[in-house]
Amino acid sequence: MIPSVHAPLGKDLIGLEGLSADQIRTILDTAEPFKEISERRIKKVPVLRGKTIVNLFFEPSTRTRVSFEFAEKRLSADTVNISSSGSSVVKGETLVDTARNLEAMKIDMVVMRHGASGAARFLAERIPSNVVNAGDGRHEHPTQGLLDLLTIRDHRGKIEGLRVCIVGDVLHSRVARSNIFGLLALGAEVAVCGPRTLLPVGIEQMGVTVFDRVEAALEWADVLNVLRLQLERMEGGFVPSLREYNRIYGVSRARLEAAPREVLVLHPGPMNRGVEIDSDVADGPQSVILNQVTNGVAVRMAVLYLLAGGAPDKAEAAKQGGEA
Amino acid sequence: MAFTNRLPLMDEAAVRRALARMAREIVERNAGREGLVLMGIRRRGDVLGGLLAEEIAGAEGSPPSVGALDITLYRDDLAEVGPRPVIGETTLPPAGIDGRTVVIIDDVLFTGRTVRAALNELMDWGRPARVLLCVLAERDGRELPIQADIVGRRVDVPPDRRVEVLVPELDGRLAVELVATEEVV
């Protein structure tokens, strides 16, 4: 597939909000050929040889961190992983000091996961290295949004005109926000479905439809993106019980079979089987959950490749608001 | 202006004659088409590889194995020119390249950097018994110690000119032309 337009990304990838449809398509189209590299016997190309990338994870993550690390290694970059436990962060060092110390060791890129919304932009504005947001608080998780878009496009051939419903804990979900921005930019119709306690107030203003019942959402949707019920954020009493949540909002085989169309089912992982999604759906024929994981590596390779390509002066120009 | 900016070096008939001779040379060097793999460098070398395979099929009765190399991720100028988002796919023949005679096919041999990238990529895919380089046009300006084994036409051109190979699939005709570098194609 040949991208019709090459829209540069600039220095960083903070979120999908504000990216143009052409920029998003450039990333997705660039990811296509990267899929094949992971199928090779020697899963490595030398394109980022000599680049140093730091994976700075202030929140626990397995899938995203490993996916980024595979992407980096398959592009021949040198990688260092730092997690908050066991780093000087626990000794009280500030984010900027941590980053500046890393910069002093001559790095090229930072991939960061952080619990505070806005942390990625905060860092990007203060260091010359490229910054990739791997999830910041409730703000965005752009590479997850991109891999969801790529997976939907793989299975439905396009994004434009599709009806995509995001089900579950939208309130705490950076994945939901990245999905909504990306899907709307590419011309999909977007809806959310969940208990009102787990939907942000005024979410309709983002241009999405709200369904209170998952049956109604399934009546409407071509694609369902089922979010994880974030158990660790559940102290606030947002749902009466997990069993009740499953009974009302759980995506079950019976509910899928009652839908008028063959609905594609995505889930960003990790899954709570038997809570937001039943096992026979997660492992069923309509599920593309493992395709999402495979696509995650390709999408992240594309993002790293596109961001790393610019010479420092180009990155600087991008920082000033121009295009690299 | 376009008149003075483009100068024909080889027309279609000349290119076809050169390809026919190059095909014979490839087969002769390999003593037949057994174990032969033509790997064209995307995108024009890929098309030329197809034409050469047709020539070989005509002479030997059946075509050799063909593949295509996309060297985008093996280039050495990412930092200078920025990423090229158009990354094509590398395709290998089903039997692979291990132990076979691989002929790298490109349109123009100039600095040699493309061939360097193609060699590196080939080595990541397997271990050919032998690698040959076959180009339709060869000019001065090598920046690496690389020479072609089979050449369609050697052309002497000033450094500010570019030799361009045009192929029907991408350009609508088959020809080799000399272009002033100001002209963006």
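1. A short note on the overall build of chain A
Then, in step 1: In terms of regular secondary structure, chain A is built from 12 helices and 9 strands.
Then, in step 2: The C-alpha atoms of chain A give a radius of gyration of 19 Å, which matches the 20 Å a tight globule of 324 residues would have.
Then, in step 3: Principal-axis analysis of the C-alpha atoms places the extent of chain A at approximately 55 × 50 × 40 Å.
Then, in step 4: Every one of the 324 residues in chain A was classed for burial, and the buried ones make up 59%.
Then, in step 5: Partitioning the intrachain contacts of chain A with sequence separation of at least 6 by distance along the chain shows that 75% fall at a separation of at least 24.
Then, in step 6: Separation between the mean location of the 39 positive side-chain charges and that of the 40 negative ones in chain A comes to 4 Å.

2. A few points about the side chain of A:Thr143
Then, in step 1: Secondary-structure assignment places A:Thr143 in helix H5 (residues 142-156).
Then, in step 2: Those residues within four positions of A:Thr143 in sequence are excluded, and the remaining contacts are A:Leu13, A:Phe68, A:Val132, A:Val299, A:Arg300 and A:Val303.

3. Considering the confidence of the model for chain A
Then, in step 1: The predicted model of chain A has a mean per-residue pLDDT of 89, with 91% of residues at 70 or higher.
Then, in step 2: Predicted confidence is poor over residues 310-324 of chain A, with pLDDT under 50, and the contacts of this stretch with residues over four places away or in other chains come to 18 contacts.

4. Looking at the sheet that holds strand S4 (residues 130-136) of chain A
All names here are of chain A.
Then, in step 1: If you walk across this open sheet you meet the 4 strands as S2-S1-S3-S4, and the pairing is parallel. This sheet does not close on itself; its edge strands, each paired only once, are strand S2 (78-83) and S4. Ignoring which end each strand starts from, the neighbouring axes of this sheet average 15° apart.
Then, in step 2: Bridge analysis of strand S1 (residues 52-57) against S2 gives 6 bridges, and the strand direction is parallel. For Val54, the partnering residue across the bridge sits in S2 and is Val80.
Then, in step 3: Against the sheet, helix H2 (residues 63-74) engages S1, S2, strand S3 (109-114) and S4, with an angle of about 180° to S1.

5. Notes on the sheet that holds strand S2 (residues 36-41) of chain B
All names here are of chain B.
Then, in step 1: Strand order in the open sheet made by the 5 strands is S3-S2-S4-S5-S6, with parallel pairing throughout. Looking along the sheet, the strands with just one partner apiece sit at the ends: strand S3 (65-69) and strand S6 (150-154). Across the sheet, the mean angle separating the axes of adjacent strands is 20° when strand polarity is ignored.
Then, in step 2: Bridging between strand S4 (residues 101-109) and strand S5 (residues 130-138) involves 8 bridges; their strand directions are parallel. Note on S5: the bridge partner recorded for Leu109 is Glu138.
Then, in step 3: Its contacts with the sheet place helix H3 (residues 44-60) against S2, S3, S4 and S5, and it is angled at close to 150° to S2.
Then, in step 4: Packing of helix H5 (residues 113-125) onto the sheet brings it into contact with S2, S3, S4 and S5, and relative to S4 it is tilted by some 155°.

6. A few points about the pattern of salt bridges
Side-chain pairs of opposite charge can arise where the charged atoms are in close proximity.
Then, in step 1: Counted by the stated rule, this structure contains 36 salt bridges over all chains.
Then, in step 2: In this structure, B:Glu177 and B:Arg173 form a salt bridge, with 2.5 Å as the shortest nitrogen-oxygen distance.
Then, in step 3: Overlapping salt bridges, with partners in common, bring together A:Asp29, A:Glu32, A:Lys35, A:Arg153 and A:Asp154 in one network.

7. Quick look at the interface of chain B and chain A
Then, in step 1: With 22 residues of chain B in contact, the opposing surface of chain A contributes 23 residues.
Then, in step 2: Where chain B abuts chain A, roughly 1800 Å² becomes buried across the two surfaces, and 64% of that area is made up of carbon and sulfur atoms.
Then, in step 3: Note that A:Arg40 is salt-bridged to B:Glu121, the shortest N-O span being 3.4 Å.
Then, in step 4: On inspection of chain B and its partner chain A, the count reaches 4 residue pairs in polar contact (both at pLDDT 80 or more).
Then, in step 5: Within the residue set of the side of chain B that touches chain A, elements represented by two or more residues are helix H4 (78-81) and H5 of chain B.
Then, in step 6: Of the residues forming the side of chain B that touches chain A, the biggest block, 4 residues, is contributed by H4(B).

8. Points about the pairing of S4(A)
Then, in step 1: Extensive coverage of S4(A) is indicated by the burial of 7 of its 7 residues.
Then, in step 2: A crossover connection joins S3(A) to the parallel S4(A) through helix H4 (residues 119-124) of chain A; in handedness this β-α-β unit is right-handed.

9. What to know about the nonpolar core
Then, in step 1: Ranked by size, the top nonpolar core spans 85 residues in total, and within it A:Phe34, A:Leu48, A:Leu146, A:Leu149, A:Val192, A:Leu304 and B:Leu73 carry the most contacts.
Then, in step 2: The element best represented in this core is helix H11 (residues 289-308) of chain A, accounting for 11 residues.
Then, in step 3: Among all residues touching A:Val192, those that are not within four sequence positions of it are A:Cys165, A:Ile166, A:Val170, A:Ile180, A:Leu199, A:Ile203, A:Val208, A:Thr209, A:Val210 and A:Phe211.
Then, in step 4: Ranked by size, the runner-up nonpolar core spans 33 residues in total, among them B:Ile150, B:Val157, B:Leu174 and B:Leu178.

10. With respect to H2(A)
Then, in step 1: When the terminal C-alpha atoms of H2(A) are compared, their 16 Å separation across 12 residues agrees well with the 16 Å that a helix rising 1.5 Å per residue should span.
Then, in step 2: On the buried face of H2(A), the contacting elements are S1, S2, S3, S4, H5 and H11 of chain A.

11. Brief notes about H5(B)
Then, in step 1: Compared with an ideal rise of 1.5 Å per residue, which puts 13 residues at 18 Å, H5(B) spans 19 Å between its outermost C-alpha atoms and is within 8% of the ideal.
Then, in step 2: Listed in full, the buried residues belonging to H5(B) are B:Val115, B:Ala117, B:Ala118, B:Glu121, B:Leu122 and B:Trp125. Here the buried residues of H5(B) occupy an arc of 155° about the axis, which is enough to place them on one side.
Then, in step 3: At its buried positions, H5(B) is contacted by helix H1 (21-37) of chain A together with S2, S3, S4 and S5 of chain B.

12. Remarks on the packing of aromatic side chains
Then, in step 1: As enumerated under the stated definition, the model contains 3 aromatic pairs over all chains in all.
Then, in step 2: Consider the rings of A:Phe211 and A:Trp220, whose centres lie 5.5 Å apart with planes at 55°: the pair is tilted.
Then, in step 3: What makes A:Trp220 buried here is its relative accessible area of 13%.
Then, in step 4: Taking the ring centre of B:Phe110 as reference, the NZ or CZ of B:Arg139 above it sits at 4.0 Å.

The rules behind each value
- Residues numbered from 1 in each chain as written.
- Chains lettered and ligands numbered in written order.
- Predicted model: local features only at pLDDT ≥ 70, side-chain atom pairs only at ≥ 80, totals over all residues.
- Heavy atoms only, no water.
- Helix = DSSP H or I, 4+ residues; strand = E, 2+ residues; numbered from the N terminus.
- Rg over C-alpha atoms; globule rule 2.2 N^0.38 Å.
- Buried < 20%, exposed > 50% of the residue type's maximum accessible area, 1.4 Å probe, protein only.
- Contact = heavy atoms within 4.5 Å.
- Lys, Arg positive; Asp, Glu negative; His and termini not counted.
- Charge placed at Lys NZ, Arg CZ, Asp CG, Glu CD.
- pLDDT = per-residue confidence, 0-100.
- Pairing = 2+ DSSP bridges.
- Axes fitted to C-alpha atoms, helices over the stretch in contact; angles between N-to-C directions.
- Salt bridge = Lys/Arg side-chain N within 4 Å of Asp/Glu carboxyl O.
- Buried area = accessible area lost by both parts, 1.4 Å probe.
- Polar contact = N/O pair within 3.5 Å; in protein donor to acceptor, adjacent residues only side chain to side chain.
- Right-handed = clockwise from strand over helix to strand, strands pointing away.
- Core = buried A, V, L, I, M, F, W, Y, C linked by side-chain atoms within 4.5 Å.
- Expected span 1.5 Å × (residues − 1).
- Arc of directions from axis to C-beta.
- Phe/Tyr/Trp six-rings, centres within 6.5 Å; stacked < 30°, edge-to-face > 60°.
- Lys NZ or Arg CZ within 6 Å of the ring centre and 35° of its normal.

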